[in-house]
Amino acid sequence: MDKIRSVKKRKIDPDKVFDIVNLLIMLVLLVIFVWPLWFVLIASISDPSEVWQGHVVLFPRGITLAAYEEVIKYKTIWTGYANTILYTVLGTAINMVLTVCGAYPLSRKDFVPKKFFMLLFMVTMYFSGGLIPTYLVVNKLHLIDTVWAMVIPNAVSVFNIIITRTYFINSIPDELLEAAQLDGANTAQYLMKVVLPLSKPILAVITLFYAVGHWNDFYSALIYINSQQLLPLQSILRKLLLSTQMTLQITSSMSPDEIMRKTQLAQTLKYSSIIVSTVPVLCLYPLVQKHFVKGIMIGSVKG
């Protein structure tokens, strides 16, 4: 009997139990994170009345593209789209240049004041002048209501500099510098022809961080942008989500049915606008996915 009991106890594999529990937790988290995105997608292509009545839960009902047709007609969204693309491309380019220029010297052993500059950078991560002093500086530089107000104030992230610096230290052997110097390469040539080509994983990750940050930025526009023509897409969507300005103006001459139809359509328009603004970022992730894990893991190891 004791042998039978011992055999039964051994049949319960702790590793399998852990895997099952872990799988269940991952499935629950998957549902929690994916369902809101799925709901936004199916609601954007469903009949507005079905969405309004709460009948759309897991699958679209009364599939229609009326909401997307209205989005295409709304010129302000396309102006915001163009502005956001400009801010993202220009801002990310500035971010990457400054990040590399800050991280590379700090990774060099022969750069004597690197500890001083590293301490100086670290201080800015925990202390800042605040919103009002920052606004006054931007205003004195005459950047208010210009394109540069969206890209200059947040031109570099110290956190990203540290990650990039650590990657350079851990992944670029010192022997490559010695070999490049023997071949007559100067510092700029070594950086452009040796360091950067070998740092594609971390550069892809940091580029993604900066690009997504610019694409989702609406707060800077609230502070620095006054002109409607310079507003980014996210600021326009924020106004849309807080109001129903994307619908045609409701007048007293409309019938109750027409008012209800436009109100229902306004609800669906919010979902379609979110999809329109999210697609470019979703398309960007697969391009850097193969570099993402490697870059962030190596860059996060203390050097």
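Within an unreviewed UniProt entry, the label attached to the protein reads Inner membrane ABC transporter permease protein YcjP, and the organism entered is Eisenbergiella tayi. For the record of the protein, the UniProt heading Sequence similarities (unreviewed entry) holds the text "Belongs to the binding-protein-dependent transport system permease family."

A. Up close: the UniProt feature "transmembrane region" (unreviewed entry) in the protein. Mapped onto this numbering, the UniProt entry annotates "transmembrane region" (unreviewed entry) at residues 20–45, 85–104, 116–136, 148–169, 190–212 and 269–288. With 100% helix and 0% strand, the stretch residues 85–104 has end C-alpha atoms that lie 28 Å from each other.

B. Spatial organisation of the packing of aromatic side chains. Taken as a whole and assessed by the stated rule, the structure comprises eight aromatic pairs. Arranged with centres 6.4 Å apart and planes meeting at 75°, the rings of tyrosine 104 and phenylalanine 168 form a pair that is edge-to-face. Residue tyrosine 104 is located in helix α5 (residues 75–107), and its partner phenylalanine 168 is located in helix α8 (residues 158–171); the two are separated by 64 residues in the primary sequence. Taken as a pair, tyrosine 104 and phenylalanine 168 share a single burial class, namely buried. A centroid spacing of 6.0 Å and a plane angle of 25° characterise the contact between phenylalanine 111 and phenylalanine 117, whose relative ring orientation is stacked. What makes phenylalanine 111 partly exposed here is its relative accessible area of 27%. Its relative accessible area of 32% is what places phenylalanine 117 among the partly exposed residues. Among the aromatic side chains, those forming a connected cluster through ring pairs are Trp78, Tyr81 and Trp215.

C. Examining the pattern of salt bridges more closely. This structure, assessed with the given rule, holds two salt bridges. The closest approach of N and O atoms between aspartate 110 and arginine 108, which form a salt bridge, is 2.8 Å. The salt bridge involving aspartate 174 is made with lysine 109; its shortest N-O contact spans 3.1 Å. With aspartate 174 in helix α9 (residues 174–182) and lysine 109 in the loop between α5 and α6 (114–126), this pair connects stretches of sequence that are 65 residues apart. Looking at aspartate 174, the relative accessible area reads 41%, which means it is partly exposed.

D. Spotlight on the confidence of the model for the protein. With 81% of its residues at a pLDDT of 70 or more, the protein shows a mean pLDDT of 79. Mean pLDDT across the secondary structure elements of the protein bottoms out at helix α1 (residues 2–11), with 55, and peaks at α5, with 89. With pLDDT under 50 throughout, residues 299–303 is counted as low confidence; its partners more than four residues away or in other chains account for twelve contacts.

E. Quick look at the environment of valine 156. In this fold, valine 156 is placed in the loop between α7 (131–140) and α8. For valine 156, a relative accessible area of 38% corresponds to the partly exposed category. Sequence separation between valine 156 and threonine 99 is 57 residues; the distance between their C-alpha atoms is 6.2 Å. Apart from residues no more than four positions distant in its own chain, valine 156 is found in contact with Asn95, Leu98, Thr99, Ile161 and Tyr210.

F. Examining the side chain of serine 220 more closely. Checked against the element boundaries, serine 220 lands in helix α12 (residues 219–224). Judged by its relative accessible area of 5%, serine 220 is buried. Those residues within four positions of serine 220 in sequence are excluded, and the remaining contacts are Met150, Asn154 and Ile225.

G. Structural detail: the nonpolar core. If you look at the biggest cluster of nonpolar residues, it comprises 29 residues, and the most contacted ones within it are Phe39, Ile77, Tyr81, Ile225, Leu233 and Tyr271. Contributions of two or more residues to this core are made by α2 (14–44), α4 (66–73), α5, α11 (200–215), α13 (233–242) and α14 (256–299). Looking at this core, the element that brings in the most residues is α14, giving five residues. For this core, the two domains that each supply at least three residues are domain 1 (13–63) and domain 2 (66–300). In this structure, Tyr104, Ile161, Tyr167 and Phe168 belong to the second largest nonpolar core, which totals 21 residues.

Basis of the calculations
- Numbering of residues starts from 1 in each chain and follows the order in which that chain's sequence is written.
- For a predicted model such as this one, the threshold for reporting local features is a pLDDT of at least 70, and the threshold for listing and counting side-chain atom pairs is 80 or more; totals across whole chains, interfaces and linings nevertheless cover every residue.
- To obtain the side-chain values, all non-hydrogen atoms of the structure were included, while hydrogens and water were left out.
- UniProt positions are given in the numbering used here, feature names are shortened, and annotations may be inferred rather than shown by experiment.
- Each helix is a run of H or I in the DSSP string that is no shorter than four residues. Each strand is a run of E no shorter than two, and both are numbered from the N terminus.
- Note on aromatic contacts: the rings of Phe and Tyr and the six-membered ring of Trp form a pair at centre separations within 6.5 Å, being stacked when their planes are under 30 degrees apart, edge-to-face when over 60 apart, and tilted otherwise.
- Burial status follows relative accessibility: with a 1.4 Å probe on protein chains alone, a residue under 20% of its type maximum counts as buried, one over 50% as exposed, and anything between as partly exposed.
- Note on definitions: salt bridges are taken to be side-chain nitrogens of Lys or Arg within 4 Å of carboxyl oxygens of Asp or Glu.
- For every residue, the predictor states its confidence as a pLDDT score lying anywhere from 0 to 100.
- Only heavy atoms matter for contacts: two residues are in contact if any of them lie within 4.5 Å across the pair.
- Take the buried Ala, Val, Leu, Ile, Met, Phe, Trp, Tyr and Cys residues and link them wherever side-chain atoms come within 4.5 Å; each set so joined is a nonpolar core.
- Each domain span listed reflects an automatic or database assignment of domains.

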